[in-house]
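# Structural characterization, general
Each chain is listed here by its residues.
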Amino acid sequence: MATVDDGELVFYPAFCFRASPTHFAWVKMGAVDVHLLKRRAGFEDQSTFFYMNHPIRFVSLVGIIVARTEYPTLTILTVDDSSGVTLDVIVLKAPITEDDGDKPVRSGRGEDLQSARATRHVAATNKTTVDMTALVPGVVVQVKGTLSMFRGTMQIQLERVSAVQDTNAEMRFLDQRSRYLVEVLSVPWSLTEDEVERLHYEADDEEERLEEEQERIKRRQRRRTEREEKDQRRIQKLWEREERLRAEEALYSRDAGAKYMRDFEARKA
């Protein structure tokens, strides 16, 4: 796959992303910069956005919660990180199942209130529980998450969250964020032709290894199925043999009983 030159920026194909300083990192960003992220043609089916030509999937930011809005299936934390704009952080709620046992309770105002179990929040990817008890307006937090877009506006799908305990920790993050913006994000990502070619070969080799592994898995599954079918046939044959023996024994017992009765009747006569 060829690189794409968009003016002065070169956009590399996905097999090059492993060499990117941003694609597999929690990129420290300000909300204003998150809103500048863009999608690229050819990557619509991936949760990858671009800052200049840097591919980004995971971001981290620190800010104060200025609003918490509850919906039936999610909670939205609006975070202000003093960069000039706010950013919505989406926290999913675990679906209610029949096993939960709890049912919604209706308040005196006629509003549906979910039970504690129904309002369990979970991380976007691995669905582990997220404790939202202390995440209320006025609390300074560090959030990490994946990127998404809703009605043309960038959002973060929450993966991890923690309260920021003091101003020093907040200032350290802001310093790291500023340096990363200057030293990494503001400098176009660049690869040589040799690096692109090497990454292409590595991607092809990895794809070939994956195909071979999938074929090995399929072979193992076929062998397992064949063994199971063979065992099933063996069991069936043993069962049929035992059935024949039982039938023969029953027939022998019936004949022996009949002969005994005939001999008994003959002796009586």
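The following paragraphs examine the structure supplied in this document. On a predicted model such as this, the values are computed, not experimentally measured, just so you know.

### Looking at the nonpolar core
Met29, Leu37, Ile56 and Leu147 are the most contacted members of the largest nonpolar core, which has 27 residues in total. Of all the secondary structure elements, the ones that give two or more residues to this core are helix H1 (31–34), strand S4 (49–51), strand S6 (58–70), strand S7 (74–80), strand S8 (86–93), strand S13 (140–150) and strand S14 (153–163). Excluding anything up to four places from it in sequence, Ile56 contacts Thr22, Val27, Met29, Leu37, Ser47, Thr48, Phe49, Tyr51, Leu147 and Leu185. Within the second largest apolar cluster, 13 residues are counted, among which are Leu9, Phe11, Phe17 and Trp189.

### Regarding the packing of aromatic side chains
In this description, a pair of aromatic rings is defined by centroid distance and the angle of the planes. Under the definition given, this model contains five aromatic pairs. Between Phe17 and Phe50 the ring centres are 6.1 Å apart and the planes differ by 65°, which places this aromatic pair in the edge-to-face class. Taken together, the positions of Phe17 in the loop between strand S2 (9–11) and strand S3 (26–28) and Phe50 in strand S4 put the pair 33 residues apart, joining distant regions of the chain. Look at Phe17 and Trp189: their rings are 6.4 Å apart centre to centre, the planes differ by 50°, and that puts the pair in the tilted class. Taken together, the positions of Phe17 in the loop between S2 and S3 and Trp189 in the loop between helix H2 (167–185) and helix H3 (193–268) put the pair 172 residues apart, joining distant regions of the chain. Looking at Phe17, the relative accessible area reads 2%, which means it is buried. Three or more aromatic residues joined by ring pairs make a cluster, and in this case those are Phe11, Tyr12, Phe17, Phe50 and Trp189.

### Describing the side chain of Thr78
Checked against the element boundaries, Thr78 lands in strand S7. By relative accessible area, Thr78 is classed as buried at 14%. At 2.9 Å, the side chain of Thr78 and the side chain of Asp88 are in polar contact. Filtering out sequence-adjacent residues up to four positions away, Thr78 remains in contact with Ile64, Ile65, Val66, Ala67, Thr86, Leu87 and Asp88.

### Focus: a nonpolar patch on the surface
Residues Tyr260, Met261 and Phe264 make up a contiguous nonpolar surface patch of roughly 310 Å² in combined accessible area. Position of Phe264 among the secondary structure elements: in helix H3. Phe264 gets classed as partly exposed once you look at its relative accessible area, which sits at 33%.

### Some remarks on the pattern of salt bridges
Considering all chains together, one arrives at seven salt bridges under this definition. Between Glu70 and Lys93 there is a salt bridge, and its shortest N-O distance comes to 3.1 Å. In this pair, Glu70 is assigned in strand S6 and Lys93 in strand S8, connecting sequence segments 23 residues apart. Since its relative accessible area comes to 10%, Lys93 is described here as buried. Put simply, Arg179 and Asp175 hold a salt bridge, and the shortest N to O gap is 3.2 Å. Of this pair, Arg179 and Asp175 both sit in helix H2, four residues apart, which is roughly one turn of the helix. A relative accessible area of 42% places Asp175 in the partly exposed class. When salt bridges that share partners are traced, they join Arg18, Arg198 and Glu202 into one network.

### Here's the deal with H2
For H2, spanning 19 residues, the distance from its first C-alpha to its last is 25 Å, which sits close to the expected 27 Å at 1.5 Å a residue. Phe173, Arg177, Val184 and Leu185 are the residues of H2 that are buried. The buried residues of H2 occupy an angular sector of 80° when projected down its axis, which confines them to one face. Relative to its buried face, H2 has exposed residues pointing more than 90 degrees away, namely Thr167, Asn168, Arg172, Val182 and Glu183. Its buried side turned inward, H2 meets S3, S4, strand S5 (54–56), S6 and S13. Where H2 begins, one side-chain oxygen reaches toward the backbone nitrogen of Asn168, 3.2 Å away; that side chain belongs to Asp166.

### Side note on a positive patch on the surface
On the surface, Arg219, Arg223, Arg224 and Arg227 cluster together to form a positively charged patch. Positionally, Arg223 belongs in helix H3. The class for Arg223 is partly exposed, based on a relative accessible area of 41%.

### Digging into a negative patch on the surface
Together, Glu226, Glu228, Glu229 and Asp231 line one region of the surface with negative charge. For Glu226, the location among the structural elements is in helix H3.

### Description of the pairing of S14
Bridge count between S8 and S14: three bridges; the pairing is parallel. Paired with Asp88 across the two strands is Gln155, which belongs to S14.

About the thresholds
- Residues numbered from 1 in each chain as written.
- Predicted model: local features only at pLDDT ≥ 70, side-chain atom pairs only at ≥ 80, totals over all residues.
- Heavy atoms only, no water.
- Core = buried A, V, L, I, M, F, W, Y, C linked by side-chain atoms within 4.5 Å.
- Buried < 20%, exposed > 50% of the residue type's maximum accessible area, 1.4 Å probe, protein only.
- Helix = DSSP H or I, 4+ residues; strand = E, 2+ residues; numbered from the N terminus.
- Contact = heavy atoms within 4.5 Å.
- Phe/Tyr/Trp six-rings, centres within 6.5 Å; stacked < 30°, edge-to-face > 60°.
- Polar contact = N/O pair within 3.5 Å; in protein donor to acceptor, adjacent residues only side chain to side chain.
- Patch = residues over 30% accessible without salt bridge, like charges linked within 9 Å, V, L, I, M, F, W, Y side chains within 5 Å.
- Areas by Shrake-Rupley, 256 points an atom, 1.4 Å probe, with all protein chains shown as cover.
- Salt bridge = Lys/Arg side-chain N within 4 Å of Asp/Glu carboxyl O.
- Expected span 1.5 Å × (residues − 1).
- Arc of directions from axis to C-beta.
- Lys, Arg positive; Asp, Glu negative; His and termini not counted.
- Charge placed at Lys NZ, Arg CZ, Asp CG, Glu CD.
- Pairing = 2+ DSSP bridges.

By themselves these figures say nothing about function.
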